[in-house]
Amino acid sequence: MDLNLNRADYLQVGVTSQKTMKLLPASRHRATQKVVLGDHDGVVTCFGMKKGEAVAVFKTLPGQKIARLELGGVLNTPQEKIFVASGSEIRGFTKRGKQFLSFETNLTESIKAMYVSGSDLFLSASYIYNHYCDCKDQHYYLSGDRINDVICLPVERLSRLTPVLACQDRVLRVLQGSDVLYEVEVPGPPTALALHGGNGGDSGEDLLFGTSDGKLGIIQVTTAKPIHKWEIRNERKRGGVLCVDSFDIVGDGVKDLLVGRDDGVVEVYSLHHANEPVLKFDQALSESITSIQGGCVGKDGYDEIVVSTYSGWVTGLTTEPVHRESGPGEELKISQEMQNKISSLRSELEQLQYRVLQERERYQQASQSSRAVFAVPSFSINDKFTLNKDDASYSLILEVQTAIDNVLIQSDVPIDLLDVDKNSAVVSFSSCDSEIRSIEGQYGTLQAYVTPRIQPKTCQVRQYLIKPLSLHQRTHCIDHDRPVNTLTLTGQFSFAEVHSWVVFCLPEVPEKPPAGESVTFYFQNTFLDTQLESHCRKGEGVFKSDNISTISILKDVLSKEATKRKINLNISYEINEVSVKHTLKLIHPKLEYQLLLAKKVQLIDALKELQIHEGNTNFLIPEYRCILEEADHLQEEYKKQPAHLERLYGMITDLFIDKFKFKGTNVKTKVPLLLEILDSYDQNALIAFFDAA
């Protein structure tokens, strides 16, 4: 990575949503550009930089929260008209701030995503997509799952309207009018769409996508079928993608890929070499990146990456050098402009400190009054609770517009708290069991009490459901050749009721039942790679899985839910004995790896002593040399090992109990013998024990 960029903070507005900041087109090549952005206070702010200071061009009055901001205009002309979406209304402003459009869409839900192309306007609420032309309704589509973003391929290049919806169920839906032309499966829930190169690439059909689990890719959206160009996996376990842009920041004549993530990381990928992306630059800011644009804001002639963050900061990562180079024997001098800026900032800081002291004294005096009435200060929280496929754990991300004092986590089900490198918090446990990793079958609520560092002290509570099958993730294709166990429910219940039970049991299921008389969902267990098929319609629910324990959990939970609602259920099941051996074989490599890890760690100290005694490791066999080289990594992984082993032992024990539960036999007394076999693990001995019991 040879790109060097320097940070410059320009301005702070209110809290911002995804894709609410744009750079207006420049008057000439590499001239400074104006920045326009909308915030949760409903204010549209447009500013430019002059002598290192942010100077306002215009600022609108507060109103409803701004969910999206896009630029538009007549096709093949500079796109300098500003469109903002707030509630169900679209407003349009000129680059000078004059409002020329106020369009009430009459949508029943607030607008979540927007794209503008000439006189065409593409909008989506949570599940509804609408296309307007000259503010007249043209097309409508009801999605089966939540819509996260919307875009249209460049009509000026392709002479056809091809809108694309990014949907939560890991699918891009390519539309033609009010119908789906075809669906494109992507490797995670897509959260951000952009035209490759800003214009759809060489073909005009290349679409960039980013997912909530941090993956990136390009798909060519042809009229017949999708062509997957490339994909960047999230090997470094970085945050989800919130925004992408194309801009030549490297300066090699080829547009680079700019990426903003929800963990505050900004990345630059070069596409110079055979269109294979190469990471050229990355920098972590302290907040999620809601918008990203390439351009020139701070000073003429210096390209930069401009980002807006969750709390409303507009920040530039610029190619302009911070310090002037000094020659031999020459002292480094700060420019007069910089000295003036430092002096101005010091003066502003002193004034702010004085005002804070004044307000604090006023508050103290008011609080002692017998007639004191206080308003609890409100604050905005950005939270995300997502399942990570790689290690079958959940990430809880909490972001507040001001500094966080503390977060209290409370759970009514056993969970394992896993620390991560990105976490700067100091963790302390209460006296209860410190057993965020959930156990399938145990379900309840995780509560986070968030207290920011503001006066008077206030707290907000957020709740997150830990579902009975919490480690399952939606997928679109499963292996139909696996041995399966089947659970069938029949009774006097509606399609909506049986769908609500699936929502209660499994993550990543849309809250509303999709259009039609029935629906089939496929799931994969992120820890074991077992699978589940759910088919529901009015009066019937059929669940098929290659893991008996999954069927057992569903049977217990759904029976309890139906009893609560006084619905009479007929439950039948078919158990396939072969599926037990199949599941044990899926567990085998994970269990063997964890046991081998323990053996390797036990050898490390002895091998280090030998190394010190002999002075080198040449006499060791390659396997032992490898253990010494990876000693730190092995010991770090071993710290997490008790939780891993306990989890695997628990899954095997549940499988053993569930196998015989369906036969009407209680084998809990044989569990100690099973644990003895696991301690001296041999796969064949374990399978033999399951068969003989």
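Model, not experiment: these values are computed from the prediction.

Trainee: Quick one: what's the story with the packing of aromatic side chains, residue by residue and with numbers?
Mentor: What the rule picks out here adds up to twelve aromatic pairs. Pairing F385 with Y394 gives two aromatic rings, centres 4.7 Å apart and planes at 20°, and the pair type is stacked. Judged on exposure class, the residue F385 and its partner Y394 are both buried. Grouping aromatic residues by their ring pairs yields a cluster made of F656, F660, F689 and F690. Just above the ring of F100 sits the side chain of K81; from NZ or CZ to the centre is 5.8 Å. The lysine or arginine in question, K590, covers the ring of F527, its NZ or CZ lying 6.0 Å from the ring centre.

Trainee: I'd love a proper account of the domain arrangement of the protein, names of residues and values included.
Mentor: We note that the domain assignment places domain 1 (6-318), domain 2 (472-575) and domain 3 (578-692) within the protein. Computed from C-alpha atoms alone, the centre-to-centre distance between domain 1 and domain 2 is 37 Å. Counting residues at the interface gives eight residues for domain 1 and eight residues for domain 2. Between domain 1 and domain 2 the total buried area reaches about 780 Å² when both faces are included, carbon and sulfur atoms providing 47% of it. Put simply, R474 and D169 hold a salt bridge, and the shortest N to O gap is 3.9 Å. On the surface where domain 1 and domain 2 come into contact, there are three residue pairs in polar contact (both at pLDDT 80 or more).

Trainee: Which residues make up a positive patch on the surface, and what values go with them?
Mentor: Among the surface-exposed residues, K34, K50, K51 and R96 lie close enough to one another that they form a single positively charged patch. Within the secondary structure layout, K51 lies in the loop between β4 (44-50) and β5 (53-59).

Thresholds, definitions, all that
- Residues numbered from 1 in each chain as written.
- Predicted model: local features only at pLDDT ≥ 70, side-chain atom pairs only at ≥ 80, totals over all residues.
- Heavy atoms only, no water.
- Phe/Tyr/Trp six-rings, centres within 6.5 Å; stacked < 30°, edge-to-face > 60°.
- Buried < 20%, exposed > 50% of the residue type's maximum accessible area, 1.4 Å probe, protein only.
- Lys NZ or Arg CZ within 6 Å of the ring centre and 35° of its normal.
- Domains from an automatic or database assignment.
- Contact = heavy atoms within 4.5 Å.
- Buried area = accessible area lost by both parts, 1.4 Å probe.
- Salt bridge = Lys/Arg side-chain N within 4 Å of Asp/Glu carboxyl O.
- Polar contact = N/O pair within 3.5 Å; in protein donor to acceptor, adjacent residues only side chain to side chain.
- Patch = residues over 30% accessible without salt bridge, like charges linked within 9 Å, V, L, I, M, F, W, Y side chains within 5 Å.
- Areas by Shrake-Rupley, 256 points an atom, 1.4 Å probe, with all protein chains shown as cover.
- Lys, Arg positive; Asp, Glu negative; His and termini not counted.
- Charge placed at Lys NZ, Arg CZ, Asp CG, Glu CD.
- Helix = DSSP H or I, 4+ residues; strand = E, 2+ residues; numbered from the N terminus.

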